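# Per-entry structural report
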Amino acid sequence: MSSRRSPLRGGCSRGSARRWTATLAATLVGIAVLAGCGSAPTGEPVVTSNPAAPVTPVPLSLGPDWPTYHGDGTRAGYVPEGPDPASPTVAWRAPLDGAVYASPIVVNGLVVAATEGGSLYGLDAATGTVRWHTHLADPVPGSALPCGDIDPIGITGTPVYDSSTGEVFAVATRPGVEHVLFGVDLRSGQVREQRRVDAPGSEAATHLQRGALLLANGMVYIPYGGNYGDCGQYLGRVVGVPVTGNGPEVDFAVPTTREGGIWAPSGPAVLPGGDVLVTTGNGEAVGGTWDHSDSILRLSPQLRLLDGFAPSGWAQENSVDADLGSTGPVVLPGGRQVLAAGKGGGVYLTNVDSLGGVDGQLDRLEPCHSYGGAATAPGQDGGAVVYLPCTEGLLQVRVGADNRMTRGWQAPAVTGSPILVGTTVWSVQQNGTLDGLDSATGQVRAAVQVGAATRFATPAASGTALFVPTRDGVTAVALHR
């Protein structure tokens, strides 16, 4: 992540993690035994169980799983058959041991939430009951880092679930400072494996693991940017680790002298053939040869650089910290186009098979100063529609079959990273309001108070429920038909 000039860059405020002391009830003893509760040295994985969250009479009916950021590796954030709201209401709230920056994931009836307290929680999706709580590592205080604005730092990037192993993968920052990938059993919360995943030659304290993890090609891909303030000799990086065994990792670093962070909260996206797309932040270069900062990059499964795109003004954008990397790439339906938008205000549509190099876009639209993750769905006549989180307000962009973009509606008071459920766009604001907008008109259909959220918070969806990350934990919202 790069943020030397923009006060909006980090999107985080300082706070302290809250420890929730467990008061074990007799009915939870069986769960505690199953989860392997016990003590462990500070900073080592330990599984505990917590009291159940209060159960309300609001019914939740679950649907398909949501195993990664925005549902799948394209980062589409789209549920075509989801219900539209009649009178949505909070079903349950689960207070956890720290703020939840990452999106929850939903698998097999469990909501898995990662906290800045350094923990993973498995919550019963229907009731909010804590089925297991695994403390992976003590968080790192902000004072231990050369710069930054997340305090403390535990788990920031959205975890991912691998159905082939039954594991949830998450990266925790632990005292040292080092980044460690944990594989946690979905059913019990037990840690099955762990390995350090800092790229060779990198200085861990200057790298922030903020972007969502990506599961593809039998690998977990882990993106890195920098801390708020752009301190130190960091480079935008991706590290790939096999999901099984202790095989060799692969890694990629942006070919620039410094910066070029891969920090967008949505993380890398995957193409149908397995190649990986990332957007990069501003680099140190403000002229000369394009250094692949401020870009969309296509990487092979082994993380070789294959292709790229940059705006014509990439060097000027670098000079004012207005990079393209503040929002992750969005693969449009069909997998032949990718759309990206960033802090510079431009929205770019490119051809996946030939990203085009400098100024090689299919079309450009502005303004949209975008931060976070977007959502997309099929449009009319083979086109697509995209919903972008702009500082000017959530923006609908229509992409035609002729590779032309047109502006649709804009909702000025709504800026959070959206998902699309049925015909309703859902976006959570930092003040704690979850807004539901008509996808065709942008009119507000519903608003629910879910609790204060971090800047890039985005919901997860399953069936008739939304699961929203907050500064206190997770809030479930029931969407009544």
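Let me begin by describing the structure that accompanies this report.

Calculation notes
Residues numbered from 1 in each chain as written. Predicted model: local features only at pLDDT ≥ 70, side-chain atom pairs only at ≥ 80, totals over all residues. Heavy atoms only, no water. Helix = DSSP H or I, 4+ residues; strand = E, 2+ residues; numbered from the N terminus. Buried < 20%, exposed > 50% of the residue type's maximum accessible area, 1.4 Å probe, protein only. Contact = heavy atoms within 4.5 Å. 1 Å grid on protein atoms, 1.4 Å probe; cavity = no way out; pocket = protein on both sides within 12 Å on 5 of 7 lines; lining within 4 Å. Points joined across faces, edges and corners; volume = space filled by probe spheres on them. Nonpolar A, V, L, I, M, F, W, Y, C, P; charged D, E, K, R; others polar. Salt bridge = Lys/Arg side-chain N within 4 Å of Asp/Glu carboxyl O. Pairing = 2+ DSSP bridges. Core = buried A, V, L, I, M, F, W, Y, C linked by side-chain atoms within 4.5 Å. Disulfide = S-S within 2.5 Å.

Structurally, the position occupied by Val-286 is in the loop between strand S18 (276-279) and strand S19 (296-299). Take Val-286: its relative accessible area is 51%, and that puts it in the exposed class. Through-space distance from the C-alpha of Val-286 to that of Glu-317 is 8.1 Å; in sequence the pair is 31 residues apart. For Val-286, the residues in contact, after removing those within four places along its chain, are Ala-315, Asn-318 and Ser-319.

Bringing empty space enclosed by the protein into the picture now. The full count for this structure, using the stated rule, is five cavities of 30 Å³ or more. Empty space within the largest cavity amounts to approximately 100 Å³. Looking at side-chain class alone, the lining of the largest cavity contains seven nonpolar, six polar and one charged residues. Put simply, the second largest cavity is a space of about 50 Å³. As for the second largest cavity, its lining consists of Gly-211, Pro-223, Ile-262, Trp-263, Ala-264, Gly-267, Pro-268, Val-278, Thr-279, Gly-328 and Pro-329. Here the residues of the lining of the second largest cavity are counted per class, giving seven nonpolar, four polar and no charged.

Side-chain pairs of opposite charge can arise whenever the charged atoms involved come near each other. Using the criterion set out here, one finds 16 salt bridges in the structure. The shortest N-O distance in the salt bridge between Arg-196 and Glu-178 comes to 3.5 Å. Of this pair, Arg-196 sits in strand S11 (residues 191-196) while Glu-178 sits in strand S10 (residues 178-185); the two residues are 18 residues apart in sequence, bridging distant segments of the chain. Residue classification places Arg-196 among the partly exposed residues on the basis of a relative accessible area of 46%. According to the relative accessible area criterion, Glu-178 is buried, its value standing at 16%.

Right, let's get into the pairing of strand S32 (residues 433-438). Among the six residues in S32, six count as buried, and that is most of the element. Alternating positions in S32 separate into two faces, Thr-433, Asp-435 and Leu-437 on one and Leu-434, Gly-436 and Asp-438 on the other, with burial throughout. The pairing of strand S31 (residues 424-428) with S32 spans five bridges and is classified as antiparallel. Paired with Ser-427 across the bridge in S32 is Asp-435. Where S31 folds back on S32, the antiparallel hairpin that results is connected by four residues, among which Gly-432 adopts a positive phi of roughly 100°. Both S32 and strand S33 (residues 444-449) contribute to a ladder of five bridges, which runs antiparallel. Looking across to S33, one finds that Thr-433 is bridged to Gln-449.

In this structure, Trp-92, Leu-96, Leu-123, Trp-426, Leu-434, Leu-466 and Phe-467 are the most contacted members of the largest nonpolar core, which totals 37 residues. In terms of nonpolar packing, the next biggest core, distinct from the first, is built from 19 residues, Leu-136, Ile-155, Tyr-161 and Ala-172 among them.

So, on to the sheet that holds S19. Strands sit in the order S17-S18-S19-S20-S24 across an open sheet of five strands; the sheet is mixed. Each edge of the open sheet is held by one strand with a lone partner, namely strand S17 (269-270) and strand S24 (357-358). With four bridges connecting them, S18 and S19 associate as antiparallel partners. Along S19, the bridge assignment pairs Val-278 with Leu-297.

Once that is clear, we can look at the state of the cysteines. Scanning all chains against the criterion turns up two disulfides. Linked covalently through their sulfurs, Cys-147 and Cys-231 form a disulfide whose S-S length is 2.0 Å. For the disulfide bridge between Cys-147 and Cys-231, the dihedral angle about the S-S bond is near -80°, and by the sign convention the bridge is left-handed. Of the two residues, Cys-147 sits in the loop between strand S7 (130-135) and strand S8 (160-162) while Cys-231 sits in the loop between strand S14 (219-226) and strand S15 (237-242), which places them 84 residues apart along the sequence. Using a relative accessible area of 17% as the deciding quantity, one classes Cys-147 as buried. Regarding the disulfides, the protein carries the connectivity 1-2, 3-4 under sequence-order numbering of its bonded cysteines.

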